[in-house]
Amino acid sequence: MTTLLIVLVIAALAIGGYFVLGRKPPELQPAPEDKESPKKKLPPPAPPVTAKLGAPASTPTPPKPGEALKSVPPAADERAAKKAARARAKRDVAGMKKGLAATRGGFMARLSALFTGKKEIDPAILEEIEEVLLTSDVGVKTTQTIIERLREQLSKNELSDSDAVWRALRAEASRILEVPTHAGGGETGGLRLEQKPTVVLMVGVNGVGKTTTIGKLATKLKSEKKGVILAAGDTFRAAAVQQLEVWAERTGSQVVKGKEGGDPGAVAFDATTKAAADPTCDVLFIDTAGRLHTKAPLMDEIKKVKKSIDKAMPGAPHETLLVLDATTGQNALNQAALFKEALDLTGIVLTKLDGTAKGGIVLAIADALQIPVRYVGLGEKADDLREFYADEFVEALFSREEEATSAISADGAQASA
């Protein structure tokens, strides 16, 4: 009996200890075998982890390898494109060099001669460079800017030899010529065909080649399948109308003309109205009478022509190009300054650049007026009216034979690679 009481007391104490410690009594805990083998009591296993990470049915399947490369040109095509670009660049620079032969043999030959045989550079050479620039139609202001920059670099010992000075001159020319095409930036060269139709007003003094330039531009655009209309706004010179009609016949363009001696503003208005109503017209060129930039009444008249164009098509003309004769040197710069006061010029067409040894006028115009050069005339053919790009022009102007040879060798090595 005593033994039974002792056993009951011990059992009661054990059960009470479990509850005090927050543990369940032994009979409520899982069996030992359940702890060791939980798989026997747990629900079926969840899907494999790989299944959970897979894309759901609504998610697009990854593109196939072939599809992923559709927008990326094959390596062979990329190499071919680069090779074609190099060939095009060499052809363009070669053509520009040929057109600039007179300037390269005059202005640039004199400049290059200053460095021949000189390994060390002293400050005295700056005076010689200044003299060459001033006598090559670069202009006083632009020449002073270039010389000051060279003097600053020389004082910092950055121009230790003739090659360094030559490179500095090239860099200055590039900086001056890289005038944005419009306020938002952009490269120079060519027309901005941002509207349909784009109305282009051509202005300039007598004999600079306005009508011929229009004809060459029309030839280029027609070769690109563009619709062109020509307006004979020079109503005071019968030969100008006839010349424009010849270009219209050659290029298959339409021409709008008025009465001889009539109001040029009326011709501009009629041509703009016609272009706006013609869905096939991409570009309208409006020729104007040559006018002396020093004659105020004539400059006022060209302003009236512009107002007539705007009345027919608000916002037009979209381009106002001033045509200058490169052979007139600093006089061309004076013309540009006065035309800029009268009109909102958007670009310069510099004709007859192949006929002068003083091609520095390009630098003077770009620097003094901040008007981009859009085209340069390097010959009589339509293809000789070339779109102007600063890097191409500077390369053609400053390149030396040894540089050209090494560049061609480098291109050949890259092409073979």
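Bear in mind that the values here come from a model prediction, so they are computed numbers and not experimental data.

A. Examining the environment of Asp270 more closely. Structurally, Asp270 can be placed in helix H13 (residues 264-277). In this structure the C-alpha to C-alpha distance between Asp270 and Lys257, which are 13 residues apart in sequence, comes to 8.8 Å.

B. Just helix H16 (residues 361-369), in detail. Here H16 lies mainly inside the structure; eight of its nine residues are buried. Looking at H16, one finds that the buried residues are Ile361, Val362, Leu363, Ala364, Ile365, Ala366, Asp367 and Leu369.

C. Layout of the pattern of salt bridges. For the structure shown, the criterion picks out 14 salt bridges. The salt bridge involving Glu172 is made with Arg149; its shortest N-O contact spans 3.3 Å. Placement of the pair is Glu172 in helix H10 (residues 162-177) and Arg149 in helix H9 (residues 140-155), with a sequence separation of 23 residues. In this structure Glu172 comes out as buried when scored by relative accessible area, which is 6%. A salt bridge links Arg192 to Glu319, with the shortest nitrogen-to-oxygen separation between them at 3.5 Å. Linking Arg192 in the loop between H10 and strand S1 (198-203) with Glu319 in strand S5 (residues 319-325), this pair joins segments that are 127 residues apart in sequence. By the burial criterion, Arg192 is buried, and Glu319 matches it. Overlapping salt bridges bring together Arg149, Glu172 and Arg175 as one network.

D. Expanded view of the pairing of strand S2 (residues 228-232). Of all five residues making up S2, five are buried, and the element is well covered by its neighbours. Burial along S2 is two-sided: Val228, Leu230 and Ala232 facing one way and Ile229 and Ala231 facing the other are all buried. Where S2 lies against strand S4 (residues 283-286), four bridges are found, and the strand directions are parallel. Within S4, the residue paired with Ile229 across the bridge is Leu284. As paired strands, S2 and strand S3 (residues 254-257) are joined by four bridges and run parallel to one another. Considered in S3, the bridge of Leu230 is made with Val255.

E. Quick look at the packing of H10 against H16. At a minimum axis separation of 8 Å, H10 and H16 run at an interaxial angle of 50°. As judged from the angle between their axes, H10 and H16 are oblique. Contacts between H10 and H16 involve Ala173, Ile176 and Leu177 from the former and Val362, Leu363, Ala366 and Asp367 from the latter. Here the contact of H10 with H16 is composed, by residue class, of six nonpolar, no polar and one charged.

F. Highlighting helix H12 (residues 238-251). Its 14 residues place the ends of H12 20 Å apart at the C-alpha level, agreeing with the 20 Å of an ideal helix rising 1.5 Å per residue. Within the span of H12, buried status applies to Ala240, Val241, Leu244, Trp247, Ala248 and Thr251. All buried residues of H12 fall inside an arc of 120° around its axis, so they share one side. Facing away from the buried side of H12 by over 90 degrees, the exposed positions are Glu249 and Arg250. Following H12 by one or two positions, Gly252 adopts a phi angle in the positive range, close to 75°.

G. Fine view of unusual backbone geometry. The step from Lys196 to Pro197 runs through a cis peptide bond, and the omega angle for that step is -5°. Mapped onto the elements of the fold, Pro197 is located in the loop between H10 and S1. That bond from Ala316 to Pro317 is cis: its omega, 0°, falls within 30 degrees of zero. For Pro317, the location among the structural elements is in the loop between helix H14 (296-312) and S5.

H. Structural detail: the pairing of S4. Because side chains alternate across S4, one face comprises the buried residues Val283 and Phe285, and the other comprises Leu284 and Ile286, equally buried. Where S1 meets S4, four bridges bridge the pair, whose relative direction is parallel. The residue bridging Thr198 from the neighbouring strand is Val283, located in S4.

I. Region of interest: the packing of aromatic side chains. Taken as a whole and assessed by the stated rule, the structure comprises three aromatic pairs. Aromatic pair Phe388 and Phe393: ring centres 5.1 Å apart, planes at 50°, arrangement tilted. Classification of Phe388 by relative accessible area gives buried; the value is 1%. Given a relative accessible area of 1%, Phe393 falls into the buried group. Looking at Arg250, its charged tip hangs above the ring of Trp247, at a distance of 4.7 Å from the centre.

Analysis parameters
- Residues numbered from 1 in each chain as written.
- Predicted model: local features only at pLDDT ≥ 70, side-chain atom pairs only at ≥ 80, totals over all residues.
- Heavy atoms only, no water.
- Helix = DSSP H or I, 4+ residues; strand = E, 2+ residues; numbered from the N terminus.
- Buried < 20%, exposed > 50% of the residue type's maximum accessible area, 1.4 Å probe, protein only.
- Salt bridge = Lys/Arg side-chain N within 4 Å of Asp/Glu carboxyl O.
- Pairing = 2+ DSSP bridges.
- Axes fitted to C-alpha atoms, helices over the stretch in contact; angles between N-to-C directions.
- Parallel < 35°, antiparallel > 145°, perpendicular 65-115°, else oblique.
- Contact = heavy atoms within 4.5 Å.
- Nonpolar A, V, L, I, M, F, W, Y, C, P; charged D, E, K, R; others polar.
- Expected span 1.5 Å × (residues − 1).
- Arc of directions from axis to C-beta.
- Phe/Tyr/Trp six-rings, centres within 6.5 Å; stacked < 30°, edge-to-face > 60°.
- Lys NZ or Arg CZ within 6 Å of the ring centre and 35° of its normal.

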